[in-house]
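# Structural overview for review
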Amino acid sequence: MVIKKINYSALFTALAAAIAYGGWAVYANYEHGLHSWVMAGIVQGVYAFFSTFFVTYVARLVFFKCKCAMRGILAGFATSFLVMLAIPMGVHCLAGTPDIVQTILPGLIWGSIYLLGFLITLNISQRNPDLKS
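Residues numbered from 1 in each chain as written. Predicted model: local features only at pLDDT ≥ 70, side-chain atom pairs only at ≥ 80, totals over all residues. Heavy atoms only, no water.

At their nearest, the axes of helix H3 (residues 69-95) and helix H4 (residues 100-127) sit 10 Å apart, and the two run at 155° to each other. It follows that H3 is roughly antiparallel to H4 by the angle criterion. Both H3 and H4 take part in a crossing whose hand is right-handed. Between H3 and H4, the contacting residues are Ala69, Ile73, Gly76, Phe77, Ser80, Phe81, Met84, Leu85, Pro88, Met89, His92 and Cys93 on the first element and Ile100, Thr103, Ile104, Gly107, Leu108, Gly111, Ser112, Leu115, Leu116, Leu119, Ile120 and Asn123 on the second. A class-by-class count of the residues in the contact of H3 with H4 yields 16 nonpolar, eight polar and no charged. (Axes fitted to C-alpha atoms, helices over the stretch in contact; angles between N-to-C directions. Helix = DSSP H or I, 4+ residues; strand = E, 2+ residues; numbered from the N terminus. Parallel < 35°, antiparallel > 145°, perpendicular 65-115°, else oblique. Left-handed = near helix turned anticlockwise from the far one by under 90°. Contact = heavy atoms within 4.5 Å. Nonpolar A, V, L, I, M, F, W, Y, C, P; charged D, E, K, R; others polar.)

Counting residues in each nonpolar core, the largest one holds 14 residues, and the members touching the most others are Val55, Phe63, Met84, Leu115 and Leu119. Going through the elements one at a time, helix H2 (34-65), H3 and H4 are the ones with two or more residues in this core. It is H4 that provides the largest number of residues to this core, a total of six residues. Setting aside residues up to four positions removed in sequence, Val55 forms contacts with Ser80, Val83, Met84 and Leu115. (Core = buried A, V, L, I, M, F, W, Y, C linked by side-chain atoms within 4.5 Å. Buried < 20%, exposed > 50% of the residue type's maximum accessible area, 1.4 Å probe, protein only.)

Mapped onto the elements, Val38 comes out in helix H2. Since its relative accessible area comes to 30%, Val38 is described here as partly exposed. Remark: the alpha-carbon pair of Val38 and Tyr27, spanning eleven residues in sequence, is separated by 9.9 Å.

Let us look at the packing of aromatic side chains. A ring pair, where both rings are aromatic, is described by two values, the distance of the centres and the angle of the planes. Overall, the coordinates contain seven aromatic pairs when judged by the stated rule. Pairing Trp24 with Tyr27 gives two aromatic rings, centres 5.3 Å apart and planes at 40°, and the pair type is tilted. A residue pair is termed a helical-turn pair when its members lie 3 or 4 positions apart in one helix, as Trp24 and Tyr27 do in helix H1 (residues 8-29) at three residues. One aromatic cluster in this structure is built from Phe49, Phe50 and Phe53. (Phe/Tyr/Trp six-rings, centres within 6.5 Å; stacked < 30°, edge-to-face > 60°.)

Another point: a nonpolar patch on the surface. Taken together, the side chains of Leu34, Val38, Ile42, Val46 and Phe50 present a nonpolar region at the surface, about 470 Å² in accessible area. Tracing the backbone through its elements, the reader meets Val46 in helix H2. (Patch = residues over 30% accessible without salt bridge, like charges linked within 9 Å, V, L, I, M, F, W, Y side chains within 5 Å. Areas by Shrake-Rupley, 256 points an atom, 1.4 Å probe, with all protein chains shown as cover. Salt bridge = Lys/Arg side-chain N within 4 Å of Asp/Glu carboxyl O.)

In structure tokens:
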């Protein structure tokens, strides 16, 4: 079994996402009482942490399956966006979060910007052999 080196940058990004989006969920659901905002904060924070890794993995996988370039960027983004939408909607429905759209919207916006930046950077690095890691 090969153990990969920990990517501290990805870990930091995931922790930042957990804190930021968990905090937003608390704010968005504060008026619904202690149980609602605590549950929303935990659900959104945990989701944000793991989705940072998973959605990036899906985007990268689809990008390479589509042979890179613009087709890879568009397919990687579309597939990852659907994952980024479906999972929190399902999790928050199960958790009973009152304001789901308001809770997940910032994550969808910033996640979309992140994914586009990631895929464009990945495409550039594939075209330029000096930038490959």
